[in-house]
Amino acid sequence: MKIKGFVITGIILTILGVGATAVASTQIDFKEGYTALFADPNLEEKQETFGEIQKVTYDGSDENIEIVYGEGENTFTYYESETLTYDISYDEELKELTIIQNHSFTFFSFSFGKKATLTLNSSLEELQMEASAGNIGIKDLTITKVKVDVSAGNLKIENSIIPTLDLESDAGNVNLHHVTVDSSIFVVRAGNLKIEDSKFEKSEIHANAGNVNLKDTTFNVIDAKLNAGNLKFSGDVLTRAEFKLDAGNLTLTLSRPSASYTINGEGAGTTTILYKVSAGNKNIYYAD
């Protein structure tokens, strides 16, 4: 049985290596845009303004897009060429904005474009995003419901309040910093998930191959499952946590004394923590 486990782990880590290679090819600096060999020199900057927006739907093939809060009008700044275009529609009555990116690839023309920026002057009711490749950034916003599906790329959410978050990533890195979330589901098939300085009411994490790093974060309830990789947690669990790791290392650094917790049935604390590591090591540290 042990040999079988090691074989399965080897296969998973091989898949992770392939996924990481694919993701590396899409790495883009949000601050500077993409200026490497395949950047299109014919890109033309454009901008559109809109009235009140409550819902945004975005579908992109390889774009780098950032959605941020800003004073003034709601604006979308983007870049187009013969091979890179956008279909943009705004329903003033429904207060809905739809953005679809169209990219035609040819043998002589590859373009990952530059960073597009959607600036919003108020909170959103709903954000739906689907991206095949590229980087997505969400910053300084309050969004009632967020659903993001990324095939190969990176997602970063900063300084935001999101009551409901549904995130799915096939290959890439997911980074959340200083966010407040009520209910969340993370599905990360190949890549790393990092959450820092955040607060979650209830969260489910399902990761296949990669590392999960939950740093200085508080969860009321968390259920985290990782097939292959390392799972690190520092912070606190207020009510209940369950960590399941098939192959890798589990490290828990808890912010209260050991008497505050009941771990795998041992102890008399009010917080219940269950863990299982099938192949690997576990370490648990307390404030005392």
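Look above for the structure.
How each quantity is defined
- Residues numbered from 1 in each chain as written.
- Predicted model: local features only at pLDDT ≥ 70, side-chain atom pairs only at ≥ 80, totals over all residues.
- Heavy atoms only, no water.
- Helix = DSSP H or I, 4+ residues; strand = E, 2+ residues; numbered from the N terminus.
- Buried < 20%, exposed > 50% of the residue type's maximum accessible area, 1.4 Å probe, protein only.
- Contact = heavy atoms within 4.5 Å.
- Areas by Shrake-Rupley, 256 points an atom, 1.4 Å probe, with all protein chains shown as cover.
- Pairing = 2+ DSSP bridges.

Caption draft 1: Local environment of the overall build of the protein. Tallying secondary structure elements over the protein gives 1 helix and 16 strands in all. For the protein, the proportion of its 288 residues judged to be buried stands at 44%. Of the contacts made within the protein by residues no fewer than 6 positions apart, 40% connect residues no fewer than 24 positions apart. Working note: accessible area of the protein is about 14100 Å², and carbon and sulfur atoms make up 50% of it.

Caption draft 2: Examining the pairing of strand 8 (residues 124-139) more closely. With 6 bridges joining them, strand 2 (residues 55-60) and strand 8 adopt parallel strand pairing. The partner of G60 across the bridge, within strand 8, is A131. Two strands pair when backbone bridges link them, and strand 3 (residues 64-69) and strand 8 are joined in this way by 4 bridges, in the parallel orientation. Looking across to strand 8, one finds that E66 is bridged to G137. Bridge analysis of strand 8 against strand 9 (residues 143-171) gives 14 bridges, and the strand direction is parallel.

Caption draft 3: Broad picture of unusual backbone geometry. Phi at D197 takes a positive value of approximately 45°, unusual for a residue other than glycine. Here D197 shows up in the loop between strand 11 (193-196) and strand 12 (199-209). Owing to a relative accessible area of 36%, D197 belongs among the partly exposed residues under this scheme. Positive phi, normally seen in glycine, also occurs at D216, with a value near 50°. In this fold, D216 is placed in strand 13 (residues 212-228). D216 gets classed as partly exposed once you look at its relative accessible area, which sits at 46%.

By themselves, these figures tell us nothing about what the structure is for.
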